[in-house]
Amino acid sequence: MNSKSNFRVRVMKYAWQLWRATKLTWRICMIKAWELYRLAKMMRNGSVSFFYQKADGSIRKATGTLRNLPAGATLNGKKMTKPSFKTFAYFDVEKNALRCFKIENLICIAA
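Analysis parameters
- Residues numbered from 1 in each chain as written.
- Predicted model: local features only at pLDDT ≥ 70, side-chain atom pairs only at ≥ 80, totals over all residues.
- Heavy atoms only, no water.
- Helix = DSSP H or I, 4+ residues; strand = E, 2+ residues; numbered from the N terminus.
- Buried < 20%, exposed > 50% of the residue type's maximum accessible area, 1.4 Å probe, protein only.
- Contact = heavy atoms within 4.5 Å.
- Areas by Shrake-Rupley, 256 points an atom, 1.4 Å probe, with all protein chains shown as cover.
- Core = buried A, V, L, I, M, F, W, Y, C linked by side-chain atoms within 4.5 Å.
- Expected span 1.5 Å × (residues − 1).
- Pairing = 2+ DSSP bridges.
- Axes fitted to C-alpha atoms, helices over the stretch in contact; angles between N-to-C directions.

Participant: Describe the overall build of the protein, naming the residues involved and giving the relevant values.
Facilitator: Across its full length, the protein holds two helices and seven strands. Expressed as a percentage of the 111 residues in the protein, the buried residues total 32%. Within the protein, contacts between residues at least 6 apart in sequence are counted, and of these 49% link residues at least 24 apart. Counting every atom, the protein has about 7,200 Å² of accessible surface; 53% of that belongs to carbon and sulfur.

Participant: Break down the nonpolar core for me, citing the residues and quoting the values.
Facilitator: Within the largest apolar cluster, 22 residues are counted, with the highest numbers of intra-cluster contacts made by Leu39, Phe50, Phe88, Tyr90 and Phe101. Counting only elements with at least two residues in this core, the list comes to helix H1 (3-22), helix H2 (26-43), strand E1 (48-53) and strand E5 (87-92). Top element by residues in this core is H2. It accounts for eight residues. In this structure, phenylalanine 101 is in contact with Leu39, Phe50, Tyr52, Lys86, Thr87, Phe88, Tyr90 and Leu106, ignoring residues within four places of it in sequence.

Participant: Break down H2 for me, citing the residues and quoting the values.
Facilitator: Under the 1.5 Å per step criterion, the end-to-end length of H2 is 26 Å for 18 residues, consistent within 8% with the ideal 26 Å. All buried positions along H2 are accounted for by Cys29, Met30, Ala33, Glu35, Leu36, Tyr37, Leu39, Ala40 and Met43.

Participant: Break down the sheet that holds E1 for me, citing the residues and quoting the values.
Facilitator: Reading across from one edge, E6-E5-E2-E1-E7 is the order of the five strands in this open sheet, with antiparallel pairing throughout. Where the open sheet ends on each side, the last strands, each with one partner, are strand E6 (97-102) and strand E7 (106-109). When the angles between neighbouring strand axes are averaged without regard to direction, this sheet yields 40°. As defined by bridge partners, E1 adjoins strand E2 (residues 59-65) across six bridges and the pair is classed as antiparallel.

Participant: I'd like to hear about the pairing of E1, residue by residue, with values.
Facilitator: Burial of the side chains of E1 is restricted to one face: Val48, Phe50 and Tyr52 are buried, whereas none of Ser49, Phe51 and Gln53 on the reverse face is. Here E1 folds back onto E2, and the loop between the two strands holds five residues, one of which, glycine 57, carries a positive phi near 95°. Where E1 meets E7, three bridges bridge the pair, whose relative direction is antiparallel. Looking across to E7, one finds that phenylalanine 51 is bridged to cysteine 108.

Below, the structure written as structure tokens:
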């Protein structure tokens, strides 16, 4: 599969998971899926600030990156190998640790 169609597959998988989790309209799920894709793309180039809702319901402002992850990085004791489309994993530059959140909990990317 070439890289031009690969990003579309990723967006569609995010949208499908969002729809399954929230039952929002397909249009809203696609908008949020594209936002997740843009967040990941920005994080591969450097640190990005964004907001999401934590499991306890509070709002968290995080600064994360996907660039230059430490060798052997693990999340909850598991190596990050296969991408999950239910959660979004990132390296938190403030906490100096890997973190993740459910994709439906992304609120926005900070300007």
